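Tertiary structure, described
This is what each chain is made of:
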Amino acid sequence: MSRVADDVCDEAHVTARRHVLRLLAAYAEAEELINIGAYARGAQRDCDVAIELMPEIRQFLQQHPTERHEYPQTCRQLLELARLAGERDAALEQAARAAVPPPARATG
């Protein structure tokens, strides 16, 4: 992680990077549970999103030594990854809201 990244990147790039880093941290925190099949979906939404997007995250982070990408292309890929994560997060939030019944009204 670069200590100057926030100073040299535009706001959209910084936000996208932070979002992906948050997903990676959530996944790392639960990785042992995930690997043994003990992680319960719905326990932590960032982790749920990270699990679903891990193939895309890994593809973004891994690069063959002979593979070259221009900086603008890498930025676009990061922004797209963060967009996908945001969409998935919103879908999970909506599903969670739909699953919780509204509070009962007091009758008087």
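As the structure is a prediction and not an experimental result, all values here were calculated from the model. (Residues numbered from 1 in each chain as written. Predicted model: local features only at pLDDT ≥ 70, side-chain atom pairs only at ≥ 80, totals over all residues. Heavy atoms only, no water.)

**Remarks on the nonpolar core**
Ranked by internal contacts, the top residues of the largest apolar core, which has 20 residues, are I34 and C47. Among the elements of the structure, α2 (11-36), α3 (45-61) and α4 (71-99) are those that each provide at least two residues to this core. Ignoring anything within four residues of it in the chain, the contact list for C47 reads A26, Y27, A30, I34 and Y39. (Core = buried A, V, L, I, M, F, W, Y, C linked by side-chain atoms within 4.5 Å. Buried < 20%, exposed > 50% of the residue type's maximum accessible area, 1.4 Å probe, protein only. Helix = DSSP H or I, 4+ residues; strand = E, 2+ residues; numbered from the N terminus. Contact = heavy atoms within 4.5 Å.)

**Some points on the packing of α2 against α3**
For the pair α2 and α3, the least separation of the axes is 9 Å and the interaxial angle reads 110 degrees. Taken together, the axes of α2 and α3 are roughly perpendicular relative to one another. Across the interface between the two elements, R22, L23, L24, A26, Y27, A30 and I34 of α2 pack against D46, C47, V49, A50, I51, M54, I57, R58 and L61 of α3. Among the residues forming the contact of α2 with α3, the class breakdown is 13 nonpolar, no polar and 3 charged. (Axes fitted to C-alpha atoms, helices over the stretch in contact; angles between N-to-C directions. Parallel < 35°, antiparallel > 145°, perpendicular 65-115°, else oblique. Nonpolar A, V, L, I, M, F, W, Y, C, P; charged D, E, K, R; others polar.)

**Some points on the confidence of the model for the protein**
The predicted model of the protein has a mean per-residue pLDDT of 88, with 86% of residues at 70 or higher. Looking across the protein, the model is least confident in helix α1 (residues 5-8), with a mean pLDDT of 68, and most confident in α3, with 95. (pLDDT = per-residue confidence, 0-100.)

**Describing the packing of α2 against α4**
Packed helices, taken two at a time, are described by their axes: the angle between them and the distance between them. Their axes nearest at 9 Å, the elements α2 and α4 cross at an angle of 55 degrees. The orientation of α2 relative to α4 falls into the category oblique. The chirality of how α2 crosses α4 is left-handed. Where α2 abuts α4, its residues A12, H13, A16, R17, H19, V20 and L23 lie against Y71, C75, L78, L79, L81, A82, A85 and G86. Looking at the contact of α2 with α4 residue by residue, the class counts come to 11 nonpolar, 3 polar and 1 charged. (Left-handed = near helix turned anticlockwise from the far one by under 90°.)

**Points about the environment of Q63**
Along the chain, the position of Q63 falls in the loop between α3 and α4. Classification of Q63 as partly exposed rests on a relative accessible area of 44%. Apart from the residues within four sequence positions on either side, Q63 is in contact with R68 and H69. Side-chain polar atoms of Q63 contact the backbone oxygen of E67, separated by 2.4 Å. (Polar contact = N/O pair within 3.5 Å; in protein donor to acceptor, adjacent residues only side chain to side chain.)

**Quick look at α4**
Residue pairs spaced three or four apart in an α-helix point in one direction, given the helix's 3.6 residues per turn. The end-to-end C-alpha distance of α4, which contains 29 residues, comes to 42 Å, matching closely the 42 Å that a straight helix rising 1.5 Å per residue would cover. Within the span of α4, buried status applies to C75, L78, L81, A82, A85, D89 and L92. Against α2 and α3 lie the buried residues of α4. (Expected span 1.5 Å × (residues − 1).)

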